[in-house]
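As a plain string of letters, each chain reads:
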Amino acid sequence: MEKDASVTGSHIPASELLSQTMLTIFDTVHAAKAVIIQEENFKQFAIYMEKVTLVLKELANLNIDDSESLKIAVEILNQEIKVAKQLTVECGKRNKVYLLVNCQRIAKNLEYITKEICQVLGLIPDISFNINDKLSELRKDMLDCEYRVTAVEEEMLEKIEAGIQEIDMDKSHANNLLLCIADAAGISTEQAVLKREFEEFKSEVGDKSEIDYVNLRKNSADALKMGKIVTLLARADAATSPEEKEIKYFNKRNSLGRQPLEPLQAFYCPIIHDVMVDPVETSTGQTFERSAIEKWFAEGNNLCPLTATPLDMSALRPNKILRQSIEEWKDRNTIIMLGSLKPTLNSNDEQEVLQSLGKLHDICIERELHCEWVMMEEYSPILIGLLGAKNREIRKLSLVILRILSKDSNKNKERIARVNNAIEAIVRSLARHIVESKLALQLLLELSRSNLVRDLIGNVQGCIFLLVTISSSDDTGAAKDAKEVLENLSFLDQNVIQMARANYFKPLLHLLSSGNHDDAGPENVRRTMAATLSEIELTDHNKLSLFEDGALQPLLSLLSHSDMKMKEVAVKALYNLSSVPQNGLRMIREGAAGPLFELLYRHSLSSPSFRGEVAVIIMHLATSTTTLEADQMHISLLESEEDIFKLFSLISLTGPDIQQIILRTFHAMCQSHSGLDIRTKLRQLSSVRVLVQLCEFDNHMVRANAVKLFCCLTEDGDDSTFLEHVSQRCIETLLRIMETSDNVEEIAAAMGIISNLPKESHITQWLFDAGALQIILRRLTGGNSSASYKRQVIENGVAALHRFTVSTNQNWQKEVVNCGFFPILLQFLDSGTALTKRNSAVSLKQLSESSNGLSRPLKKRGSLWCCFSSRDIGCRVHLGICTVESSFCLLEANAVLPLVRVLEEPDVGACEASLDALLTLIEGERLQNGSKVLSEVNAIVPIIRLLSSSCTELQEKALKALERIFRLVDFKQKYGNLAQMPLVDITQRGNSGMKSLAAKVLAHLDVLHEQSSYF
């Protein structure tokens, strides 16, 4: 090698040369690992250098200072490594754009240097077998190495090459190209950074460096190409400041005259006789419009239109010089026209304004550069002003032009937005006719792509509301644009809050869920979004949508946050959202109950109001378990006795506000699918004793909810539990509530307790002595009995009468009748609910059971008396003297017909109770007379129909009644045929007992023989 002579005769020991070389390699490796452009290639180069270092270290460990050939080889290697070091250092500190543009040359230079080093390693003499093998393997790898540009870099070079070939690449393409280069080179896309990088690139284009290792001097082609790249990128916005552009434009404008120039003859296409747009030169040297000459060829012509000489159809060449001249002529005339259009846009003639707008529109769409000129000429304030014009077409065309001006230029967007009342004017158009509204929406969409303009848009009153409204419209295109604008505006928390208030929650949910980062920013954002959910008024539909779209998990995450303020805001949000039963069930399924109960029990860490909100959420969860969905999915809030005891114990440890909420929570759970289990456990926990005490509580809300829960517990369970805790004082307290409370639900619950308490005579006597009947009467007769809010009062009040109408105590019965309950019960038979009709019939049945014994016998009179006095007529059923007051007779009270009407009711319970009451008229010896009465009021036909009832008990009672009635010949003949089919059906489908009884009735009707197998 040539370098051998320069190092021959060195007196430096080989070991020292090795040390110097290894130090240089170390620096080179360090520099190579820091290179960003061509990163993978330099990493591979660094690996080769590290392997060289290992070989040199082994050589240094040998006694080789006297090897002259080794010293020469190491000296040459040291020089090559220094060249490599300079290349890596240069690539680490030079402009990134420059490096990216030259990445192919850098790869070739690096490959050249690698192979040069490989050749030098071959000069190292054979010293050690082990070292020789390692050197051989390393040299083979280095010799085979190929450094390539990445796919991204190759794509970037192709875009740059395409841009160079494009004679008139517009600004948007230049902008995109510069942004792509920035992305590939890892450069920030901020305008100031891009401009600085571009300026550095321009200054480095002519510099010499070790990057050009292969060709130490650039040839003119390379220099020309780099110049073209600079010119290409200079078209981008970031490459030139707005001030520089304006100075250049106005200098040019001021140098022009005021009259447009006519086109030169050379600008016209000889075929179409119009100014050319894309002039191309043929093989004959003539120039035509590309589309025109291509059409000429397509029509089968192969001769030049002007010279008639043969043409090579594949030899069309762009006439770049002519095209550039045409563009310059067009630009000159455009600039002159821009100066003349302004006054006409302020004209009072609407047609003149529309014509000028049309010309301005054509200028804007012709070239992107023209939009810059329009903005420099300050047309944007005029166009914004025209948005207030009365003529809709003027407003629409102004919106179209403003959108064209704002497209692909953040600077233009900002200038338009800064015009006085610009955004307000656009928003007014947003609320107008549908076509104008869509144009305004498209303009807002374009403007919203600028970070600085977004803030201004969100601040305009009503803008976000209108956008949200459009986002849910049937016009899919407009809805899509509106959603995109809203998405762009969502970078500001205040805008997101406005959207949520307008029922558009997507951005809010995104921010609420974005707090999975470690920085403090998202935490504050999550808190703000959760606070918004707690403050805004939400419909049930919105609450459901929020949970369906993912609001729950982020809120539960905040609920478990270490920061108490985070917990508080999450609780407030859940307080607002959990009132919908479906949401409550979702919260239970996704594990919300545990953290909520934990917060409720940690009283030392929370304020009373906070605990109250937690308690309300838990109550909402309990309420959700009463739904059909919860029943089908078997969802429960509390299951273990320990959990129930823990929650119920809080009643004694908290204030009235939380007490009444916990009571409501248990009341809801008692009505859920697991209500029986909850009620059983509560009774086992001596909750009745606590509730009895709370019935005397001064706080009306606590007392009312305690009474309601108490009533719920009395619906089932062991009588001994209530007998143990319900005293005469408790009875008097309940009656006082019934008499004095203005809470209808509390009154109804108190009556329910009285109705449900064990039917022990001493309890009823306490009630009787305390005036319960008079209180019940006042509540049943006061106000509008058909009002829905009073339904429960009537149902429970009538049920409570059962206690006093039992036939075992006629004193209670007489007081019931004397108080005037008989006509009230009859009224409820006609107008009450199914349950009220049932309870009324039960009381009438119990009263009728005493009628036979209370009916006074007719006195026997002498014959002389009969001549002078009318004879006493007794009761047709009881055959004595009956009155409502003395014997509670159903006939005297005109109760039979209302009871018969109830037999036609669909409610099985009401039918059965009514039938029971009617059957008291045919008991024992009253069969004949009672049956006649039933026949006269048409009661027997409904009783026959009950044979087909789906209720077995009702079927059986009707069957037993008919078995007695059909013993009588008259009724057998009159109604037998009607009863035959239902009776036969029972003999075929009924249970064994009913089959036998039905057969017996059929025997009465002479349908079956008395010896039939059915017996």
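1. Notes on the overall build of the protein chain
Phase 1: Helix and strand content of the protein chain: 58 helices and five strands.
Phase 2: Relative to its length of 1015 residues, the protein chain is extended, with a C-alpha radius of gyration of 51 Å against a globular reference of 31 Å.
Phase 3: On the principal axes, the C-alpha backbone points of the protein chain span a range of 170 × 95 × 65 Å.
Phase 4: Summarising the internal contacts of the protein chain: among those between residues at least 6 apart in sequence, 71% fall at separations of at least 24.
Phase 5: When the accessible area of the protein chain is evaluated, it comes to approximately 48500 Å², of which 49% is carbon and sulfur surface.

2. Regarding the nonpolar core
Phase 1: By size, the foremost hydrophobic cluster in this structure holds 180 residues, and its most contacted members are L637, F666, F710, F821 and F822.
Phase 2: Top contributing element to this core by residue count: helix α33 (residues 608–624), with nine residues.
Phase 3: With 73 residues, the next largest nonpolar core counts L18, V74, M142 and V149 among its residues.

3. Brief notes about the pattern of salt bridges
When the charged atoms of two side chains with opposite charge come close together, those side chains can pair.
Phase 1: Counting across every chain of the model gives 51 salt bridges.
Phase 2: Here E613 ties to K572 by a salt bridge, and the two come within 3.0 Å at their closest N and O atoms. Here K572 lies in helix α30 (residues 564–577) and E613 lies in helix α33, a separation of 41 residues in the sequence.
Phase 3: Residue classification places E613 among the buried residues on the basis of a relative accessible area of 17%.
Phase 4: Residue E696 pairs with R729 through a salt bridge whose shortest N-O separation is 2.7 Å. With E696 in the loop between α38 (687–694) and α39 (700–713) and R729 in helix α41 (residues 728–740), this residue pair connects regions lying 33 residues apart in the sequence.

4. Topic: the environment of K411
Phase 1: Inspection of the secondary structure puts K411 in helix α19 (residues 410–417).
Phase 2: A C-alpha to C-alpha distance of 8.6 Å links K411 and S450, two positions 39 residues apart in sequence.

5. Points about the packing of aromatic side chains
Phase 1: This model, assessed by the stated rule, comprises seven aromatic pairs.
Phase 2: Judged by centre distance (6.0 Å) and plane angle (20°), the rings of F597 and Y601 are stacked. Here F597 and its partner Y601 are both found in helix α32 (residues 593–601), four residues apart, which amounts to about one turn of the helix.
Phase 3: Among the aromatic residues, those joined into a ring-pair cluster are Y249, F250 and W373.
Phase 4: For the cation-ring pair, R94 lies above Y98, with the distance from its terminal atom to the ring centre recorded as 4.3 Å.
Phase 5: Stacked on the ring of F491, the Lys or Arg R454 has its end atom at 5.5 Å from the ring centre.

6. Observations regarding the packing of α19 against helix α22 (residues 451–459)
Phase 1: Where α19 contacts α22, the two axes come as close as 9 Å, and the packing angle between them is 30°. Judged on the interaxial angle alone, α22 and α19 are roughly parallel. The handedness of the crossing between α19 and α22 comes out as left-handed. Each of K413, E414 and A417 in α19 lies in contact with α22, whose residues at this interface are L452, V453 and L456.

7. Observations regarding the side chain of T21
Phase 1: One can find T21 in helix α2 (residues 14–33).
Phase 2: Since its relative accessible area comes to 0%, T21 is described here as buried.
Phase 3: Those residues in contact with T21 that sit more than four places away from it in its chain are L56, V74, L77, N78 and I81.

8. A closer look at the environment of V817
Phase 1: With respect to the helices and strands, V817 occurs in helix α46 (residues 810–818).
Phase 2: Overall, V817 belongs to the buried group, its relative accessible area being 8%.
Phase 3: Taking the C-alpha atoms as reference points, V817 and E372, 445 residues apart in sequence, are found 99 Å from one another.
Phase 4: Not counting residues up to four positions away in its chain, the partners in contact with V817 are F822, L847, V884, E885 and F888.

9. Quick look at the sheet that holds strand β2 (residues 287–289)
Phase 1: A sheet is described by the order of its strands in space; here three strands give the open sequence β2-β1-β3, paired in antiparallel fashion. The sheet terminates laterally at β2 and β3 (317–318), the two strands that pair on one side only.
Phase 2: Pairing analysis gives three bridges linking strand β1 (residues 279–281) to β2, with the strands arranged antiparallel. Across the sheet, the residue bridging to P279 is E289, located in β2.

10. Observations regarding helix α10 (residues 191–204)
Phase 1: For α10, spanning 14 residues, the distance from its first C-alpha to its last is 20 Å, which sits close to the expected 20 Å at 1.5 Å a residue.
Phase 2: When we look at burial in α10, the residues that qualify are V193, L194, E197, F198, F201 and E204. Mapping the buried residues of α10 onto a view down its axis gives an arc of 130°, with all of them on the same face.

11. Focus on the packing of helix α15 (residues 350–366) against helix α16 (residues 368–376)
Phase 1: In the contact formed by α15 and α16, the axes pass within 5 Å of each other and the chain directions differ by 130°. The orientation of α15 relative to α16 falls into the category oblique. Between α15, through L360, I363, C364 and E366, and α16, the contact on the second element is made entirely by H370, C371 and V374.
Phase 2: A per-class count over the contact of α15 with α16 returns five nonpolar, one polar and one charged.

12. Some points on the confidence of the model for the protein chain
Phase 1: Taken as a whole, the protein chain shows an average pLDDT of 87; of its residues, 92% reach a score of 70 or greater.
Phase 2: In the model, residues 1–9 has pLDDT below 50 throughout and makes 16 contacts with residues more than four positions away in sequence or in other chains.
Phase 3: Across residues 864–869 the pLDDT falls below 50, and counting only partners more than four positions away or on other chains, this stretch makes one contact in the model.

13. A few points about the environment of L676
Phase 1: Mapping L676 onto the fold places it in helix α37 (residues 675–684).
Phase 2: Relative accessible area serves as the criterion here: at 52%, L676 is assigned to the exposed category.
Phase 3: Separated by 40 residues in the primary sequence, L676 and D716 have C-alpha atoms spaced 8.3 Å apart.

Rules of the game
Residues numbered from 1 in each chain as written. Predicted model: local features only at pLDDT ≥ 70, side-chain atom pairs only at ≥ 80, totals over all residues. Heavy atoms only, no water. Helix = DSSP H or I, 4+ residues; strand = E, 2+ residues; numbered from the N terminus. Rg over C-alpha atoms; globule rule 2.2 N^0.38 Å. Contact = heavy atoms within 4.5 Å. Areas by Shrake-Rupley, 256 points an atom, 1.4 Å probe, with all protein chains shown as cover. Core = buried A, V, L, I, M, F, W, Y, C linked by side-chain atoms within 4.5 Å. Buried < 20%, exposed > 50% of the residue type's maximum accessible area, 1.4 Å probe, protein only. Salt bridge = Lys/Arg side-chain N within 4 Å of Asp/Glu carboxyl O. Phe/Tyr/Trp six-rings, centres within 6.5 Å; stacked < 30°, edge-to-face > 60°. Lys NZ or Arg CZ within 6 Å of the ring centre and 35° of its normal. Axes fitted to C-alpha atoms, helices over the stretch in contact; angles between N-to-C directions. Parallel < 35°, antiparallel > 145°, perpendicular 65-115°, else oblique. Left-handed = near helix turned anticlockwise from the far one by under 90°. Pairing = 2+ DSSP bridges. Expected span 1.5 Å × (residues − 1). Arc of directions from axis to C-beta. Nonpolar A, V, L, I, M, F, W, Y, C, P; charged D, E, K, R; others polar. pLDDT = per-residue confidence, 0-100.

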